[in-house]
Amino acid sequence: MTIDNKRDSPQRGKPNPAESCDSLCDSCESRGTCSDPRAEISDRMGRIKHKILIGSGKGGVGKSTVTVNLAMVLKRSGYRVGILDADITGPNIPKLLGIEDLRLTAGPGGVEPVNADGIKVVSMALVLSSRDSAVVWRGPMKMAALKQFISDVNWGDLDFLLVDLPPGTSDEPISLAQLIPDLTGAVIVTTPQEVAILDSKKAVNMFQLMNVPILGIIENMSTLICPHCGQMIDVFKSGGGEREAREMGLHFLGAIPIDPEIGKLGDQGLAFVSRDTPAWKSFEKVVSALREEIAK
Ligand code: ADP
């Protein structure tokens, strides 16, 4: 992998090493000597049974939190799981998992993901020189970095690779939908409010335009679990995600409650929810609905 972890922004006049295939082939010094990235991608991705994009229309709906907890439920069910944090300019997965001081390393089989409680994690935040470094990259450079994340990383044999996308309908989802062969499909995370639903419909439409199967919709921050009495409080008028799924003819995978502990622990890098909580049970239900959908 040639991502330069000392340099967080492009150098003028010099092709970024991450862009060394396709679009920059003509000017690349390695032209004719580098390996075909498509063959590498196909080899690496061929060893992963289910490759799932996790998207949302809006930021802040809890997509990354949902991704890490779905990964943990899958891992605890005995599956081999990886998370690709595909948000190149705003990578948050390492922060949520408390691994942001670790770095990807080079091994004989390629770039080695960081291990977070048995889950293989790759993120731009595990490449940057410091926590506050900004990645100021245009679309083609982001695409080149993503290409390396799937062609150069030693993911090994996995049952599930969950790809945490940045919100919206821009470069990353489009690139990944084109780059990853045999995608299992996409899951859309939304909150119940109308603004979030409206944007998530755009994400659904984007995936449909790209012929990526939609596995279903998850409503996060659905109802609040009162920290005092444990009762459910309907803060955001829950049910928007389920209604959207019905209207769009999609599968509703389930609702995750607002749990103040999730927000607090996520800030401390402990985003995996405890097993005895209602939120964990909700994540388990979502995983079982997801597995049913995949098995269809
Ligand atoms: P996104 O990936 O959509 O931008 P994050 O996963 O980063 O969203 O979550 C945004 C914030 O909301 C984080 O502080 C996270 O801890 C919090 N959060 C996410 N889901 C829940 C939930 N179900 N209950 C309480 N807080 C949540």
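Undergrad: Give a detailed account of the overall build of the protein chain, specifying residues and quantitative values.
TA: In terms of helices and strands, the protein chain carries nine helices and twelve strands. In the protein chain, which comprises 296 residues, the proportion classed as buried is 54%. Restricting the contact set of the protein chain to residue pairs at least 6 apart, pairs at least 24 apart contribute 79%. Of the roughly 13600 Å² of accessible surface on the protein chain, a fraction of 50% belongs to carbon and sulfur atoms.

Undergrad: If you had to explain the packing of aromatic side chains to someone new, which residues and values would you point to?
TA: For any pair of aromatic rings, the description rests on two quantities: the centre-to-centre distance and the angle between the ring planes. Summed over the entire model, instances satisfying the criterion amount to one aromatic pair. Plain terms: the ring middles of Tyr79 and Phe160 are 5.2 Å apart, the flat faces sit at 85° to each other, and that makes the pair edge-to-face. Of the two residues, Tyr79 is situated in the loop between helix H2 (63-76) and strand S2 (81-85) and Phe160 in strand S7 (residues 158-164); the sequence distance between them amounts to 81 residues. Residue classification places Phe160 among the buried positions, given a relative accessible area of 4%.

Undergrad: Can you break down the environment of Pro91 residue by residue, with the values?
TA: Mapped onto the elements of the fold, Pro91 is located in the loop between S2 and helix H3 (93-97). Overall, the relative accessible area of 15% leaves Pro91 in the buried class. Separated by 74 residues in sequence, Pro91 and Leu165 place their C-alpha atoms 9.4 Å apart. Apart from residues lying up to four places away in sequence, Pro91 is in contact with Asp85, Ser123, Met124 and Ala125.

Undergrad: For the site of the ligand, give the residues involved together with the corresponding values.
TA: Taken together, 14 residues are adjacent to the ligand, and Gly60, Lys63, Ser64, Thr65 and Pro257 come closest. Note that a nitrogen atom of the ligand is positioned 2.9 Å from one of the side-chain N or O atoms of Asn220. The separation between a nitrogen atom of the ligand and a polar main-chain atom of Asp259 is 3.0 Å. When the ligand is considered free in solution it has 560 Å² of accessible area, and contact with the protein chains removes 82% of it. Secondary structure elements with two or more residues in the shell around the ligand: H2 and helix H8 (260-267). When residues of the shell around the ligand are assigned to their parent elements, the largest contribution, three residues, is made by H2. Here the residues of the shell around the ligand sort into five nonpolar, seven polar and two charged.

Undergrad: Tell me what's going on with the packing of helix H6 (residues 194-209) against helix H7 (residues 240-248), and back it up with residues and numbers.
TA: Interhelical geometry of H6 versus H7 gives an angle of 35° and a closest axis separation of 10 Å. The way H6 lies across H7 gives a crossing that is right-handed. Within the contact between the two elements, H6 uses Glu194, Ile197, Ser200, Lys201, Val204 and Asn205 and H7 uses Gly240, Gly241, Arg243, Glu244, Glu247 and Met248. Residues that form the contact of H6 with H7 fall into these classes: three nonpolar, four polar and five charged.

Undergrad: Could you give an account of the confidence of the model for the protein chain, with specific residues and numbers?
TA: Of the residues in the protein chain, 88% have a pLDDT of 70 or more, and the chain-wide mean is 86. Note on residues 1-21: pLDDT under 50 across the span, and 46 contacts to partners over four residues away in sequence or across chains.

Undergrad: Describe in detail the pairing of strand S8 (residues 185-190), supporting the description with residues and values.
TA: Here S8 lies mainly inside the structure; six of its six residues are buried. Relative to S8, strand S1 (residues 48-55) is paired through four bridges, and the arrangement is parallel. Opposite Leu53, over in S8, you have Ala186 as the bridge partner. Of the pairings in the sheet, the one linking S8 to strand S9 (residues 214-219) comprises five bridges and is parallel in character. Paired with Val189 across the bridge in S9 is Ile218.

Undergrad: Could you give me a rundown of the sheet that holds strand S5 (residues 114-116), with the residues and numbers involved?
TA: Ordered in space as S5-S6-S2-S7-S1-S8-S9-S12, the eight strands form an open sheet in which the pairing is mixed. Both outer strands of the open sheet, S5 and strand S12 (252-255), are each paired with one neighbouring strand and no more. Sheet twist, expressed as the average angle between the axes of neighbouring strands with direction ignored, equals 25°. Inspection of the sheet shows S2 paired to S7 by five bridges, in the parallel sense.

Undergrad: A description of the packing of helix H4 (residues 139-151) against helix H5 (residues 171-179) should follow, citing residues and the corresponding values.
TA: For the pair H4 and H5, the least separation of the axes is 10 Å and the interaxial angle reads 45°. If you check the angle between H4 and H5, you find them oblique. Considering only the axes of H4 and H5, their crossing is right-handed. Contacts between H4 and H5 involve Gly139, Lys142, Met143, Leu146, Lys147 and Ile150 on the former and, on the latter, Asp171, Glu172, Ser175, Leu176, Gln178 and Leu179. Residues that form the contact of H4 with H5 fall into these classes: five nonpolar, three polar and four charged.

Undergrad: Tell me what's going on with the side chain of Ser123, and back it up with residues and numbers.
TA: Turning to its location among the elements, Ser123 is positioned in strand S6 (residues 119-123). You can call Ser123 buried: its relative accessible area is 0%. Within the structure, Ser123 has its side chain in polar contact with the backbone nitrogen of Ala125 (distance 3.1 Å). Not counting residues up to four positions away in its chain, the partners in contact with Ser123 are Asp85, Pro91, Pro94, Leu104 and Phe149.

About the criteria used
Residues numbered from 1 in each chain as written. Predicted model: local features only at pLDDT ≥ 70, side-chain atom pairs only at ≥ 80, totals over all residues. Heavy atoms only, no water. Helix = DSSP H or I, 4+ residues; strand = E, 2+ residues; numbered from the N terminus. Buried < 20%, exposed > 50% of the residue type's maximum accessible area, 1.4 Å probe, protein only. Contact = heavy atoms within 4.5 Å. Areas by Shrake-Rupley, 256 points an atom, 1.4 Å probe, with all protein chains shown as cover. Phe/Tyr/Trp six-rings, centres within 6.5 Å; stacked < 30°, edge-to-face > 60°. Near = heavy atom within 4 Å. Polar contact = N/O pair within 3.5 Å; in protein donor to acceptor, adjacent residues only side chain to side chain. Nonpolar A, V, L, I, M, F, W, Y, C, P; charged D, E, K, R; others polar. Axes fitted to C-alpha atoms, helices over the stretch in contact; angles between N-to-C directions. Left-handed = near helix turned anticlockwise from the far one by under 90°. pLDDT = per-residue confidence, 0-100. Pairing = 2+ DSSP bridges. Parallel < 35°, antiparallel > 145°, perpendicular 65-115°, else oblique.

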